[in-house]
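The primary structure of each chain is shown beneath.
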Amino acid sequence: MGIKPLSLEEIKKMTRACRIAADTLTYLDKYVKAGITTNQIDELANDFMLTKGAKSACLGYHGYPKYTCTSVNEVVCHGLPDETVLKDGDIVNVDVTAWIDGFFGDTSKMFAIGNISDEARDLIETARMARDLGIEAITPKGRTGDIGFETNKYVTRKGYTTVKEIGGHGVGRIFHEEPFVPSFGKKGKGDILVPFHCITVEPMVNQGTDEIIEYDIKGSSIKYYHTADGLLSAQFEHTVLVTDTGYEILTLP
Ligand code: MF3
Ligand code: CO
Ligand code: CO
């Protein structure tokens, strides 16, 4: 057991997978507007990844039937692309995982559709900052709780909540591996961060309650989640390489 650090060669491959995932989100910028369906976003993302020689890691993962996750408004994560037409005022997280040469690159961001409310914009900026502050808490020999502590502190001070049941994860040759990276926690607690291993930092930030409701996806053991109170949820995700001096974000735009 235990986590094996990546070799330089493996880090290069991981970097490439992450580059493609990040570029997919940037590519979507010009398309994700009012009138597009989440299925169309899903197809565009898949086409882009294929052009770059990568495959969607999501399709077929525990029976998941789509290429990406598209989580609209009160959907917390793993939203299933469908014929939903995005409209002015909606917020949507698009989560892309590219698989190439045996490695996974995992990243997500929020898109604002047209004119969104000040409340929605503040939630989005809080989720982005929560992720970035979590990443900044990564130190060599640090722990997952360091990340969660900073994330939760910031979110709570802003009057929002973090989702506790779902969080970041180790990633590399395996899509989801140890350690679990919580969006709450205590400094110095949790799993040790291993230099030259990758993790994701992906806090889900809710406008109201942190309680979530789980829904089944037909034919899959993956679940999707809504906020229990129907209020908004927002999330950003990066894949980050822990190093011997700190970290390197591999999914920068
Ligand atoms: N990309 C998601 C994450 O950040 C996982 C999606 S799994 C899927 O971990 F099957 F729903 F696509
Ligand atoms: Co992830
Ligand atoms: Co993801």
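An account of the accompanying structure is given in this report.

**Let's talk about the coordination of the cobalt ion (ligand 2)**
Turning to step 1, where the next piece is worked out: For the cobalt ion (ligand 2), the full set of protein donor atoms is D106 (OD), H169 (NE2), E202 (OE) and E237 (OE), and the range of their distances to it is 2.0 to 2.2 Å.
Turning to step 2, where the next piece is worked out: Every donor counted, the 6 donor atoms about the cobalt ion (ligand 2) form angles of 51 to 162 degrees at the centre, which fits irregular coordination.
Turning to step 3, where the next piece is worked out: The motif formed by the donor residues of the cobalt ion (ligand 2), counted along the single chain, is D-x62-H-x32-E-x34-E.
Turning to step 4, where the next piece is worked out: The distance between the cobalt ion (ligand 2) and the cobalt ion (ligand 3) comes to 3.3 Å, with D106 serving as a donor to both metals. Within this pair, whereas E202 is found in the loop between β9 (198-201) and β10 (204-206), its partner E237 is found in the loop between β13 (233-235) and β14 (238-242), the two being separated by 35 residues in sequence.

**Let's talk about the pattern of salt bridges**
Turning to step 1, where the next piece is worked out: Under the defined criterion, the tally for this structure stands at 11 salt bridges.
Turning to step 2, where the next piece is worked out: Across the salt bridge formed by K109 and D29, the nearest N and O atoms sit 2.6 Å from each other. Of this pair, K109 sits in strand β5 (residues 103-112) while D29 sits in the loop between α1 (8-28) and α2 (38-51), and the two are 80 residues apart along the sequence.
Turning to step 3, where the next piece is worked out: Taking the relative accessible area as the measure of exposure, K109 reaches 18% and is therefore buried.

**Describing helix α3 (residues 118-136)**
Turning to step 1, where the next piece is worked out: An ideal rise of 1.5 Å per residue puts 27 Å on 19 residues; α3 measures up with 27 Å between its terminal C-alpha atoms.
Turning to step 2, where the next piece is worked out: Within α3, burial applies to A120, L123, I124, T126, A127, A130, R131, G134 and I135.

**Side note on the packing of aromatic side chains**
The geometry of an aromatic ring pair is captured by two quantities: the separation of the ring centres and the angle between the planes.
Turning to step 1, where the next piece is worked out: All told, the structure shown has 6 aromatic pairs when counted by the stated rule.
Turning to step 2, where the next piece is worked out: Ring geometry for Y215 versus Y224: centroids 5.2 Å apart, planes at 20 degrees, classification stacked.
Turning to step 3, where the next piece is worked out: Residue Y224 is classed as partly exposed on the basis of its relative accessible area of 22%.
Turning to step 4, where the next piece is worked out: The ring centre of F184 lies 6.0 Å from the NZ or CZ of K164, which sits over that ring.

Cut-off values and rules
- Residues numbered from 1 in each chain as written.
- Chains lettered and ligands numbered in written order.
- Predicted model: local features only at pLDDT ≥ 70, side-chain atom pairs only at ≥ 80, totals over all residues.
- Heavy atoms only, no water.
- Donors = N, O, S within 2.8 Å, 3.2 Å for Na, K, Ca; no water.
- Tetrahedral: all angles 85-135°; square planar, octahedral: opposite > 155°, others 65-115°.
- Helix = DSSP H or I, 4+ residues; strand = E, 2+ residues; numbered from the N terminus.
- Salt bridge = Lys/Arg side-chain N within 4 Å of Asp/Glu carboxyl O.
- Buried < 20%, exposed > 50% of the residue type's maximum accessible area, 1.4 Å probe, protein only.
- Expected span 1.5 Å × (residues − 1).
- Phe/Tyr/Trp six-rings, centres within 6.5 Å; stacked < 30°, edge-to-face > 60°.
- Lys NZ or Arg CZ within 6 Å of the ring centre and 35° of its normal.

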